Amino acid sequence: MTISASSPIGIFDSGIGGLTVVKAVQALLPSERIIYFGDTARVPYGSKSQVTIRRYAQDDTGILMKYQPKMIIVACNTVSALALDIVEQVGKGVPVLGVLAAGAELAVRHSRNSHIGIIGTQATTLSNAYSFAINAIDPDIEVFSTACPLLVPFAEEGFINHPAARMIAQEYLAELLARKIDTLVLGCTHYPILKEMIGDIAGPDIHIIDSAEAVAAKAGQTLAENGLLNDSEIPVSPHLLVSDLPQKFKTLCRLFLGNDIPDVELVEV
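Described in the following lines is the structure provided in the data block. Here the structure is a predicted model, which means the values were calculated and not measured. Residue numbers run consecutively from 1 along every chain, following the written order of its sequence. Local features in this predicted model are restricted to residues whose pLDDT is 70 or higher, and side-chain atom pairs enter the listing and the counts only when it is 80 or higher, whereas totals over whole chains, interfaces and linings include all residues. With hydrogens and water excluded, all non-hydrogen atoms of the structure serve as input to the side-chain values.

With that settled, consider the overall build of the chain. Comment: elements are numbered from the N terminus, with helices defined as DSSP H or I runs of at least four residues and strands as E runs of at least two. Of regular secondary structure, the chain possesses twelve helices and ten strands. Taken over the C-alpha atoms alone, the chain extends approximately 50 × 40 × 40 Å along its principal axes. The 269 residues of the chain split such that 55% are buried. Working rule for contacts: check all heavy atoms of both residues, and any pair within 4.5 Å makes them a contact. A sequence separation of at least 24 residues applies to 77% of the contacts in the chain between residues at least 6 apart. When the accessible surface of the chain is summed, it comes to about 11,700 Å², and 52% of that surface belongs to carbon and sulfur atoms. Positive charges come from Lys and Arg alone, negative charges from Asp and Glu alone, with His and the N- and C-terminal ends not counted. Lys charges are placed at NZ, Arg charges at CZ, Asp charges at CG and Glu charges at CD. Side chains of the chain carry 19 positive and 29 negative charges; the gap between the two charge centres is 2 Å. When accessible area is computed with a 1.4 Å probe and restricted to protein chains, residues below 20% of their type maximum are described as buried, those above 50% as exposed, and intermediate ones as partly exposed. Surface accessibility follows the Shrake-Rupley procedure with a 1.4 Å probe radius. Residue values consider only the protein chains on display as shielding.

Below is the structure:
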């Protein structure tokens, strides 16, 4: 497989949440071609077994590899935690970035009191992958994690400041706030859609880490180091693929990307 600066960046997630990564990459690298696959037929991944998640990761990477990407970004924290090695195997030498490592690095840089909170899916929090990644950088940091499974459907439905969403988020965050955290990692790519509400509940003294922005910055750095940055000055719309409900996906895209997008292609997994 021959890759060049004009080759696309492949991004995948379990559903629509990874569009937060698409948006962040577009903002930072507007000339890059993006192929995005959202596995809307099998969302959510966070409640599935590790065996299933690894099989899904293999399928998702295989779909992106048909487009000969120069980089693959795993926009799913659950896959980043449990199946990054599978993505690297199927990618056959293509650089692979996961949102988890990028978010962990940024959290360590921002924390002042060494108390970091993580919110994510059940699979992500049970894996302790964020704790391992953060403590590998700084063993003295205390990491506190809470699974927030109900926030994904709220984001998928576009309930970004719904009273029910706020009530549930307050319940989830209460224990972390009691731990005196000063940094909170949004450990699921659906959560940036709820960032304003989460920040409001957490308060002004807590720094919110958006792993989508963190991985976009890492992508730009990695492409530059490998001489693979696209130097075209023409912004390109992303090519969007889903495994189910393309029309609903297109509607929600407006919420995530803030603009109208071209047609969404339905693919089989």
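As a further point, take the side chain of N77. Among the secondary structure elements, N77 is positioned in helix 3 (residues 77-82). Excluding residues within four positions of it along the chain, N77 makes contact with V99, L100, T124, Y130, G187, C188, T189 and S211.

Moving on to the packing of aromatic side chains. Only rings of Phe, Tyr and Trp enter the pairing, Trp through its six-membered ring, and a pair is recorded when the two centres are within 6.5 Å. The plane angle decides the type: under 30 degrees is stacked, over 60 is edge-to-face, the rest tilted. Within the structure shown, the criterion is met by three aromatic pairs. Relative to Y56, the ring of Y45 lies with its centre 5.0 Å away and its plane at 50°, an arrangement referred to as tilted. Note that Y45 is positioned in the loop between strand 2 (34-38) and helix 2 (50-65) and Y56 in helix 2, a separation of eleven residues in sequence. Each of the two residues, Y45 as well as Y56, counts as buried. Summarising the aromatic geometry, the rings of F154 and F159 are spaced 6.3 Å apart at their centres and angled 40° between planes, so their arrangement reads as tilted. Classification of F154 by relative accessible area gives buried; the value is 15%. For F159, a relative accessible area of 35% puts it in the partly exposed group.

Salt bridge, as applied in this entry: a Lys or Arg side-chain nitrogen positioned within 4 Å of an Asp or Glu carboxyl oxygen. Under the definition given, this model contains eleven salt bridges. A salt bridge links K195 to E213, with the shortest nitrogen-to-oxygen separation between them at 3.7 Å. Taken together, the residues K195 in helix 10 (residues 195-202) and E213 in helix 11 (residues 211-225) connect sequence positions 18 residues apart. Residue classification places K195 among the partly exposed residues on the basis of a relative accessible area of 27%. Taken together, the shared-partner salt bridges in this structure form one network comprising D39, R42, D59 and D60.

Let us look at unusual backbone geometry. In this model, V43 is joined to P44 through a cis peptide bond whose omega is 0°. One non-glycine residue, K92, lies in positive phi territory at about 50°. With respect to the helices and strands, K92 occurs in the loop between helix 4 (84-91) and strand 4 (96-98). For S114, which is not a glycine, the phi torsion comes out positive at approximately 60°. Within the secondary structure, S114 sits in the loop between helix 5 (99-110) and strand 5 (115-120).

In this description, strands pair whenever DSSP reports at least two bridges between them. A sheet is described by the order of its strands in space; here six strands give the open sequence 4-3-1-2-9-10, paired in parallel fashion. Among the strands making up the open sheet, the edge pair consists of strand 4 and strand 10 (264-266). Neighbour-to-neighbour, the strand axes of the sheet open up by a mean angle of 20°, direction not taken into account. In this sheet, strand 10 lies alongside strand 9 (residues 239-242) in parallel orientation, the contact comprising three bridges. By the bridge assignment, L240 is partnered in strand 10 with V264. Axes here mean lines fitted to C-alpha atoms, for a helix over just the part in contact, with angles spanning 0 to 180 degrees between N-to-C directions. Sheet strands touched by helix 1 (residues 19-28): strand 1 (9-13), strand 2, strand 3 (71-74) and strand 9. Its angle to strand 2, the strand with the most contacts, is close to 170°.

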